[in-house]
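# Close look at the chain arrangement
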Amino acid sequence: AQSVSQHNHHVILSEAASLELGCNYSYGGTVNLFWYVQYPGQHLQLLLKYFSGDPLVKGIKGFEAEFIKSKFSFNLRKPSVQWSDTAEYFCAVSPNNNAGNMLTFGGGTRLMVKP
Amino acid sequence: EAQVTQNPRYLITVTGKKLTVTCSQNMNHEYMSWYRQDPGLGLRQIYYSMNVEVTDKGDVPEGYKVSRKEKRNFPLILESPSPNQTSLYFCASSPGTGGGYEQYFGPGTRLTVT
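Residues numbered from 1 in each chain as written. Chains lettered and ligands numbered in written order. Predicted model: local features only at pLDDT ≥ 70, side-chain atom pairs only at ≥ 80, totals over all residues. Heavy atoms only, no water.

The next thing to look at is the overall build of chain B. From N to C terminus, chain B includes 0 helices and 11 strands. Along chain B, helices and strands appear, N-terminal first, in the series β-β-β-β-β-β-β-β-β-β-β. Taken against the 2.2 N^0.38 rule, which gives 13 Å for 114 residues, the C-alpha radius of gyration of chain B at 13 Å falls within 12% of a compact globule. Dimensions of chain B, computed from the C-alpha atoms along their principal axes, are close to 35 × 30 × 25 Å. (Helix = DSSP H or I, 4+ residues; strand = E, 2+ residues; numbered from the N terminus. Rg over C-alpha atoms; globule rule 2.2 N^0.38 Å.)

Residues and elements named next belong to chain A. Within the structure shown, the criterion is met by 8 salt bridges over all chains. Among the ionic pairs, Arg-110 bridges to Glu-88, the shortest N-O distance being 3.6 Å. Within this pair, whereas Arg-110 is found in strand 12 (residues 109-114), its partner Glu-88 is found in strand 10 (residues 87-95), the two being separated by 22 residues in sequence. For Arg-110, a relative accessible area of 46% corresponds to the partly exposed category. (Salt bridge = Lys/Arg side-chain N within 4 Å of Asp/Glu carboxyl O. Buried < 20%, exposed > 50% of the residue type's maximum accessible area, 1.4 Å probe, protein only.)

With respect to the helices and strands, Gln-103 of chain B occurs in the loop between strand 9 (87-94) and strand 10 (104-105). Within polar-contact distance, the side chain of Gln-103 of chain B engages the side chain of Tyr-35 of chain B at 2.9 Å. (Polar contact = N/O pair within 3.5 Å; in protein donor to acceptor, adjacent residues only side chain to side chain.)

At the junction of the two partners, chain B supplies 27 residues and chain A supplies 24 residues. Our count for the chain B to chain A interface comes out at 0 salt bridges. On the surface where chain B and chain A come into contact, there are 2 residue pairs in polar contact (both at pLDDT 80 or more). Contributions of two or more residues to the side of chain B that touches chain A are made by strand 4 (31-38), strand 5 (42-51) and strand 9 of chain B. Considering every element that reaches the side of chain B that touches chain A, the biggest residue donor is strand 5 of chain B, with 5 residues. Classifying every residue of the side of chain B that touches chain A by side-chain character gives 11 nonpolar, 13 polar and 3 charged. (Contact = heavy atoms within 4.5 Å. Nonpolar A, V, L, I, M, F, W, Y, C, P; charged D, E, K, R; others polar.)

With that settled, the discussion passes to the packing of aromatic side chains. Under the defined criterion, the tally for this structure stands at 15 aromatic pairs over all chains. Here the aromatic rings of Phe-63 of chain A and Tyr-89 of chain A are separated by 5.6 Å at their centres, their planes lie at 45°, and the arrangement is tilted. One end of the pair, Phe-63 of chain A, is in the loop between strand 7 (56-58) and strand 8 (64-68); the other, Tyr-89 of chain A, is in strand 10, and 26 residues separate them in sequence. Side by side, Phe-63 of chain A and Tyr-89 of chain A carry an identical accessibility label, which is buried. Centroid distance Phe-90 of chain B to Phe-105 of chain B: 6.5 Å. Interplanar angle 85°. Geometry classified as edge-to-face. Here the residue Phe-90 of chain B occupies a position in strand 9, and Phe-105 of chain B occupies one in strand 10, the gap between them amounting to 15 residues. (Phe/Tyr/Trp six-rings, centres within 6.5 Å; stacked < 30°, edge-to-face > 60°.)

With that settled, consider the nonpolar core. Counting 28 residues, the largest nonpolar core has Leu-33, Trp-35, Leu-47, Leu-48, Phe-74, Leu-76 and Tyr-89 of chain A as its most contacted members. Sorting the residues of this core by element identifies strand 2 (10-14), strand 3 (19-21), strand 5 (31-38), strand 6 (44-50), strand 8, strand 9 (73-78), strand 10 and strand 12 of chain A as the ones contributing at least two each. Among residues more than four places away in sequence, those in contact with Leu-76 of chain A are Leu-19, Glu-20, Leu-21, Trp-35, Leu-47, Leu-48, Phe-63, Glu-64, Ala-65 and Tyr-89 of chain A. In this structure, Cys-23, Tyr-47, Val-60 and Leu-76 of chain B belong to the second largest nonpolar core, which totals 19 residues. (Core = buried A, V, L, I, M, F, W, Y, C linked by side-chain atoms within 4.5 Å.)

This part is about the state of the cysteines. In total, this model carries 2 disulfides over all chains according to the counting rule given. Across the disulfide, Cys-23 of chain A is cross-linked to Cys-91 of chain A (sulfur-sulfur distance 1.9 Å). Handedness of the Cys-23 of chain A-Cys-91 of chain A disulfide follows from its S-S torsion of about -65°: it is left-handed. On the criterion of sequence distance, the pair formed by Cys-23 of chain A in the loop between strand 3 and strand 4 (24-26) and Cys-91 of chain A in strand 10 is long-range, its members being 68 residues apart. The exposure class of Cys-91 of chain A is buried, given its relative accessible area of 0%. Each sulfur of the disulfide joining Cys-23 of chain B and Cys-91 of chain B lies 1.8 Å from the other. Between Cys-23 of chain B and Cys-91 of chain B, the disulfide has an S-S torsion of -70° and is therefore left-handed. Pair noted here: Cys-23 of chain B is in strand 3 (residues 19-25) and Cys-91 of chain B is in strand 9, with a separation of 68 residues, a long-range link. With relative accessibility at 2%, the residue Cys-23 of chain B sits in the buried group. (Disulfide = S-S within 2.5 Å.)

Structure (structure tokens):
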């Protein structure tokens, strides 16, 4: 079974600072990778996803993530955060061709951006 | 508007009193799933369904039941709730059953069992 680790549980940044959230997974086969965001009091929304091709993927709101297969990592980045980026961020993995569509989530990273 | 809806959004109940949380999607999605979210643990899958009358256990199915009699609905049933089922629950749906499909989440149901 796959597992996902997000090493930063809480991150506090000032506006305009750069962001990088770590995500590592363990699985022996090919995977699909996702970052979801949960704004306060809201449901999860997809930020970006990687299925294949260019390992640098761009998502909404200026976020991007890079898949490094050799490191089993899929870190999320944003060059300049805004107060409105305050949210909880979840990395998730799904084995490719998994008929059960089993999404395994990391424990989440709470980001607080100070104005 | 394409969406996943859940009811109720908030529920406080007592140990042992059966309850049902409804989930409905209007996107004609084949796949539906239930997750619970607990601090530091992220989301963990409870049950999923790949189509009508097809359900299967996720990572944490104990104490829960589901049914999928219609494509759009996927209720979560707690026959005898216990305090360790106090959690935030999310329903999700997806257009396909392979691992490459994005899941669309409902607004969540916050359940407290005393």
